[in-house]
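# Reading the structure
Spelled out from the first residue to the last, the chains are:
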Amino acid sequence: MNKREQQRQQTRATILSAAERIYASNGFVQSSTQLIAKEAGVAHGTVFLHFQSQEKLILAVINVLGTDITTRIHESSEQSHSLADVLWSHLTAIETHESIYSHLIMDMPQLPKVAQQTVIGIQSIIAHHFDQVLNQLKKEKQMKDLPISFIFNTWIGLIHYYLTNRGLFAPHGSILAIYKDELILNFLKLLEVDES
């Protein structure tokens, strides 16, 4: 790779990193490309040299977030067939990106359709890993016989409820740092999963 291409990739990474910080702080809907350019220390037009539109920049940020979360869950489900471990990996991955993830779920209705579909695709990958673990638990009769889609949607709904109501649960800190263990334990109790 020549020096010019290296510099181009570095500038793109700098813009992407600045966008992640701005979206984590202000949300996706309230953030402008001008603010992102300022945060990145580049000219406003430079943002569009690397990302042809704000929609493409948002998609790039969502893809980075989704790749990290799905990779962690994939690794966890490959190493362990424990639902508690998969739940732990899921919450730990979200906790790493808690602020931007919270803004993402709150801003979803206002995001471009392609961004919404990308988030749904990420959730589908996560659901696939849950499906593998839950099917095994069902076969072994270690949990209630509930539809897997209901179990997954309940889990996602629970997480999203806590994150979107941060002011109620943890106005000055990380929701997941405080409630991760409690959420996992009580969710397993709801399903009557005994993995001891």
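Above this text you will find the structure in question.
The text that follows walks through the structure, step by step, so that each part is easy to find. This one's a predicted model, so the numbers in the text were calculated from it and none came from an experiment. (Residues numbered from 1 in each chain as written. Predicted model: local features only at pLDDT ≥ 70, side-chain atom pairs only at ≥ 80, totals over all residues. Heavy atoms only, no water.)

## Things to note about the packing of helix α1 (residues 3–26) against helix α2 (residues 33–40)
Where α1 meets α2, the axes come as close as 8 Å, and the angle between the chain directions of the two elements is 120 degrees. Taken together, the axes of α1 and α2 lie oblique to each other. Where α1 crosses over α2, the two elements pack in a sense that is right-handed. In contact with Thr14, Ile15, Ala18, Ala19, Arg21, Ile22, Tyr23 and Asn26 of α1, α2 contributes Leu35, Ile36, Glu39 and Ala40. (Axes fitted to C-alpha atoms, helices over the stretch in contact; angles between N-to-C directions. Helix = DSSP H or I, 4+ residues; strand = E, 2+ residues; numbered from the N terminus. Parallel < 35°, antiparallel > 145°, perpendicular 65-115°, else oblique. Left-handed = near helix turned anticlockwise from the far one by under 90°. Contact = heavy atoms within 4.5 Å.)

## A word on the pattern of salt bridges
One pass over the full model with this rule turns up six salt bridges. Note that Arg72 and Asp68 form a salt bridge whose closest N and O atoms lie 3.2 Å from each other. With Arg72 and Asp68 both in helix α4 (residues 54–79) and four residues apart, this pair spans about one turn of that helix. Overall, Arg72 belongs to the partly exposed group, its relative accessible area being 28%. For Asp68, a relative accessible area of 24% translates into the label partly exposed. Salt-bridge contacts for Asp145 lead to Lys138; the nearest nitrogen and oxygen are separated by 3.3 Å. By relative accessible area, Asp145 is classed as exposed at 70%. (Salt bridge = Lys/Arg side-chain N within 4 Å of Asp/Glu carboxyl O. Buried < 20%, exposed > 50% of the residue type's maximum accessible area, 1.4 Å probe, protein only.)

## Quick word on unusual backbone geometry
Positive phi, normally seen in glycine, also occurs at Lys141, with a value near 55 degrees. Considering the arrangement of structural elements, one finds Lys141 in the loop between α7 (113–139) and α8 (148–164).

## Comments concerning the packing of aromatic side chains
As enumerated under the stated definition, the model contains eight aromatic pairs in all. Taking the centre distance of 4.9 Å and the plane angle of 50 degrees together, the rings of Trp155 and Phe187 count as tilted. Separated by 32 residues along the polypeptide, Trp155 in helix α8 and Phe187 in helix α10 (residues 175–191) bring together distant segments of the chain. Owing to a relative accessible area of 0%, Trp155 belongs among the buried residues under this scheme. Connected via pairs of aromatic rings, a cluster forms that spans Tyr161, Tyr162, Phe169 and Tyr179. The lysine or arginine in question, Lys180, covers the ring of Trp88, its NZ or CZ lying 4.1 Å from the ring centre. (Phe/Tyr/Trp six-rings, centres within 6.5 Å; stacked < 30°, edge-to-face > 60°. Lys NZ or Arg CZ within 6 Å of the ring centre and 35° of its normal.)

## Observations regarding empty space enclosed by the protein
Under the criterion given, the structure shown has one cavity of 30 Å³ or more. Of the voids in this model, the largest cavity is the one considered here, and its volume is about 60 Å³. Lining the largest cavity, in full, are Ile62, Leu65, Gly66, Ile69, Tyr101, Leu104, Val119, Ile122, Gln123 and Ile126. Of all the elements in the fold, those that place two or more residues in the lining of the largest cavity are α4, α6 (98–107) and α7. Considering only residue class, the lining of the largest cavity consists of eight nonpolar, two polar and no charged. (1 Å grid on protein atoms, 1.4 Å probe; cavity = no way out; pocket = protein on both sides within 12 Å on 5 of 7 lines; lining within 4 Å. Points joined across faces, edges and corners; volume = space filled by probe spheres on them. Nonpolar A, V, L, I, M, F, W, Y, C, P; charged D, E, K, R; others polar.)

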